[in-house]
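Listed below are the residues making up each chain.
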Amino acid sequence: MPQITYIEPSGEAKTFQLQEGWSLLQGASLHAIDGIVGECGGACGCGTCHCYVEAARLHELPAPEGKELEMLDFVAAERRPNSRLACQIKATAELDGLVVHLPEVQD
Amino acid sequence: MFTFDPYSPAIDADPFPYYKRLRDEFPCFWSPEAQMWVLSRYVDIVSAGQDWQTYSSASGNLMTELPGRAGATLGSSDPPRHDRLRGLIQHAFMKRNLMALEEPIRDVAKQVFAQLWGVGQFDFKDVSSQFTVKVLMAALGLPMGDEALVDEKEVRDNAVLMVQSDARTRAKGPEHIAAYNWVQEYASKVIAMRRAEPRNDLISHFAMAEIDGDRLDEREVLLTTTTLIMAGVESLGGFMMMFAYNLASFHESRQAVVEKPELLVDAIEESLRYNTSAQRFRRRLMKDVALHGQTMKAGDFVCLAYGSGNRDERQYPNPDLYDIHRKPRGHLGFGGGVHACLGTAIARLAVKIAFEEFHKVVPDYQRIADQLAWMPSSTFRSPLVLELARI
């Protein structure tokens, strides 16, 4: 199971093993991570699971598609080149060790 | 021998002891009565919901599916078609686009709950159903007032009936099919009306929409609109009944939210976890899956028991306690993954406003009956009648 590190807005790092196939949002919900909401339940419909993926590994993720790009236009915190929605990133063995930063605001 | 029959009145009334045995002893259980597998643990349900390639919705998502519906609605289709269909509707339901509805919803709530001034005892359904139909009509742009095609009460009665099923035949009865046909007929008249003279409302946009240059299939437009009406009326109404039921049963929680209405937000989340009306949905396997020592075969149907996942002690400590301060993360009250409920934001908004206004008129109340009549449904759970009395 890949290990994912979430950096909460406070700066605290929390590392968990995630079931393969689960989204980073589901992993965050399971472990009650701060700084992420996922109001729509993970359907790419609200832009409240915004996260910043460590830039050096961004290329390892499948690129965001139409719906995610559209929703990224609506995120509450600053949108950056490494902005992604956690509900659209699935944990895979290759992503082991990935670090994502969570923004101050989601809503 | 243990059985789990989602058609039995015992499950309608109280599925939770059965869920616990399922989770502890039979986490991958074949129900001969339902003719499907039942997944009941939080982790298994989330995993299945995430893996739409394996757990397909295209053969229908209601436990007892309505004829001709599978494949033509959001809930009963798979990506990529599902995503494109959802993309057409999603915007209208995003939180930021609902701001304009906040005042109309509050006006409806004030008007509906004002009827309870001076009333000592009442069926909560009478007021909640008036509220939900009016909110839905405003949200979807259904014809109202002078333009109205039918009586609001008929919309409510038929939407509620179409989700029910017959306990004896384990299928939809003629009355359920007739209700389904009535809502379809109504939807089709609204669609024709909005096509003739489009407005800036959801159904006008949807009825005229195209996916990749193709107009939507007529069946998709009709059945998706039918489902929006069903979900808007029945699911919102059912959840409001469950929320009122909880607040009438747990006095300290009610007193807390009446004293501090800002706590309603957390109380709503806990109710979504604790006993939401959307208890069980269905998927169909696209390949063999081995789980907990069983092999489920390609083509088999699988029930995702969201209501059980929400009570899984592996995920939520002390799960049978209704605790409005719990702030349950990742609950399955709206399902999850690609098929998570489209109406999460409007449901949260409408229920919060409704109870803020309800509590201004009736701050202290209790249930009259200990035993309630529960709706016969393999998918949803809520009481048919909820008699409340002021304390």
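Anyway, here's the lowdown on the structure attached to this text. Because the structure is a prediction, the values reported are computed rather than measured.

**Side note on the sheet that holds strand β10 (residues 301–304) of chain B**
Residues and elements named next belong to chain B. As summarised here, the arrangement of the 5 strands in space is β1-β2-β10-β7-β3, forming an open sheet in which the pairing is mixed. Of all the strands in the sheet, the pair left with one neighbour each is β1 (28–31) and β3 (55–56). In the sheet, strand β7 (residues 281–285) pairs with β10 via 4 bridges, with the strands oriented antiparallel. Across the sheet, residue R284 finds its bridge partner in β10, namely F301.

**Topic: empty space enclosed by the protein**
As enumerated under the stated definition, the model contains 2 cavities of 30 Å³ or more in all. Its boundaries defined by the atoms lining it, the largest cavity holds a volume of some 870 Å³. Taken together, 44 residues make up the lining of the largest cavity; nearest its centre are A231(B), S235(B), C341(B), L342(B) and G343(B). Counting residues per element, the ones that place at least two in the lining of the largest cavity are α4 (81–90), α6 (124–140), α10 (218–249), α12 (264–275), β7 and α14 (344–361) of chain B. For the lining of the largest cavity, the element with the most residues is α10(B), which contributes 9 residues. Tallied by class, the residues present in the lining of the largest cavity amount to 25 nonpolar, 15 polar and 4 charged. Considered as a void within the structure, the second largest cavity measures approximately 30 Å³ in volume. As for the second largest cavity, its lining consists of K67(A), E70(A), M71(A), G87(B), Q90(B) and H91(B). When contributions to the lining of the second largest cavity are tallied by element, the ones reaching two or more residues are α2 (66–72) of chain A together with α4 of chain B.

**Focus on the sheet that holds strand β11 (residues 365–367) of chain B**
Strands belonging to one sheet form pairs held by backbone hydrogen bonds; the direction of such a pair is parallel or antiparallel. All names here are of chain B. Spatially, β4-β12-β11 is the arrangement adopted by the 3 strands of the open sheet, whose pairing is antiparallel. Edge positions in the sheet fall to β4 (121–123) and β11, since each has one partner strand and no second. On average, adjacent strands in this sheet sit at an angle of 30° to one another, irrespective of strand direction. Bridging between β4 and strand β12 (residues 387–390) involves 3 bridges; their strand directions are antiparallel. Bridged to Q121 within β12 is A389. The strands touched by α6 are β4 and β12; relative to β4, the strand with the most contacts, the crossing angle is about 50°. Lying over the sheet, α10 contacts β11 and β12, oriented at roughly 105° with respect to β11.

**Focus: the environment of A298(B)**
All names here are of chain B. Tracing the sequence through the fold places A298 in the loop between β9 (294–296) and β10. Spatially, the C-alpha atoms of A298 and M286 are 5.0 Å apart, while their sequence positions differ by 12 residues. When neighbours within four sequence positions are excluded, A298 is seen to be in contact with L285, M286, K287 and D288.

**Quick word on the side chain of S23(A)**
Structurally, the position occupied by S23(A) is in the loop between β2 (13–17) and α1 (24–30). Discounting residues that sit within four places of it in the chain, S23(A) has contacts with L18(A), A86(A), C87(A), I89(A), K90(A) and Q50(B).

**Quick word on the pattern of salt bridges**
Residue and element names in this part refer to chain B. Taken as a whole, this structure holds 34 salt bridges over all chains when the rule is applied. The shortest N-O distance in the salt bridge between E220 and R81 comes to 2.5 Å. Pair noted here: E220 is in helix α10 and R81 is in helix α4, with a separation of 139 residues, a long-range link. Residue E220 is classed as buried on the basis of its relative accessible area of 6%.

**Brief notes about the layout of surface pockets**
The volume enclosed by the second largest pocket comes to roughly 790 Å³. Surrounding the second largest pocket, 31 residues form its lining, E65(A), K67(A), Q88(A), W52(B) and D83(B) being those nearest its centre. Those elements that place two or more of their residues in the lining of the second largest pocket are α2 of chain A together with α3 (42–50) and α4 of chain B. Of the residues that constitute the lining of the second largest pocket, the class distribution is 14 nonpolar, 9 polar and 8 charged.

**Re the packing of aromatic side chains**
Residues and elements named next belong to chain B. Taken as a whole, this structure holds 23 aromatic pairs over all chains when the rule is applied. The interplanar angle of 35° and the centroid separation of 6.1 Å between the aromatic rings of F4 and Y19 together place this pair among those described as tilted. Of this pair, F4 sits in the segment before α1 (9–13) while Y19 sits in helix α2 (residues 16–25), and the two are 15 residues apart along the sequence. For the pair shown, F4 and Y19 are each scored as buried. For the ring pair F113 and F131, a centre distance of 6.2 Å and an interplane angle of 35° mean the geometry is tilted. A residue pair is termed long-range when its members are at least 10 positions apart, and F113 in helix α5 (residues 99–113) and F131 in helix α6 qualify at 18 residues. Classification of F113 by relative accessible area gives buried; the value is 1%. A connected cluster of aromatic rings, assembled from ring pairs, spans F113, F122, F124, F131, F239, F243, F355, F358 and Y365. The cationic tip of R311 hangs over the ring face of Y274; the distance from NZ or CZ to the ring centre is 4.0 Å.

Thresholds, definitions, all that
- Residues numbered from 1 in each chain as written.
- Chains lettered and ligands numbered in written order.
- Predicted model: local features only at pLDDT ≥ 70, side-chain atom pairs only at ≥ 80, totals over all residues.
- Heavy atoms only, no water.
- Pairing = 2+ DSSP bridges.
- Helix = DSSP H or I, 4+ residues; strand = E, 2+ residues; numbered from the N terminus.
- 1 Å grid on protein atoms, 1.4 Å probe; cavity = no way out; pocket = protein on both sides within 12 Å on 5 of 7 lines; lining within 4 Å.
- Points joined across faces, edges and corners; volume = space filled by probe spheres on them.
- Nonpolar A, V, L, I, M, F, W, Y, C, P; charged D, E, K, R; others polar.
- Axes fitted to C-alpha atoms, helices over the stretch in contact; angles between N-to-C directions.
- Contact = heavy atoms within 4.5 Å.
- Salt bridge = Lys/Arg side-chain N within 4 Å of Asp/Glu carboxyl O.
- Buried < 20%, exposed > 50% of the residue type's maximum accessible area, 1.4 Å probe, protein only.
- Phe/Tyr/Trp six-rings, centres within 6.5 Å; stacked < 30°, edge-to-face > 60°.
- Lys NZ or Arg CZ within 6 Å of the ring centre and 35° of its normal.

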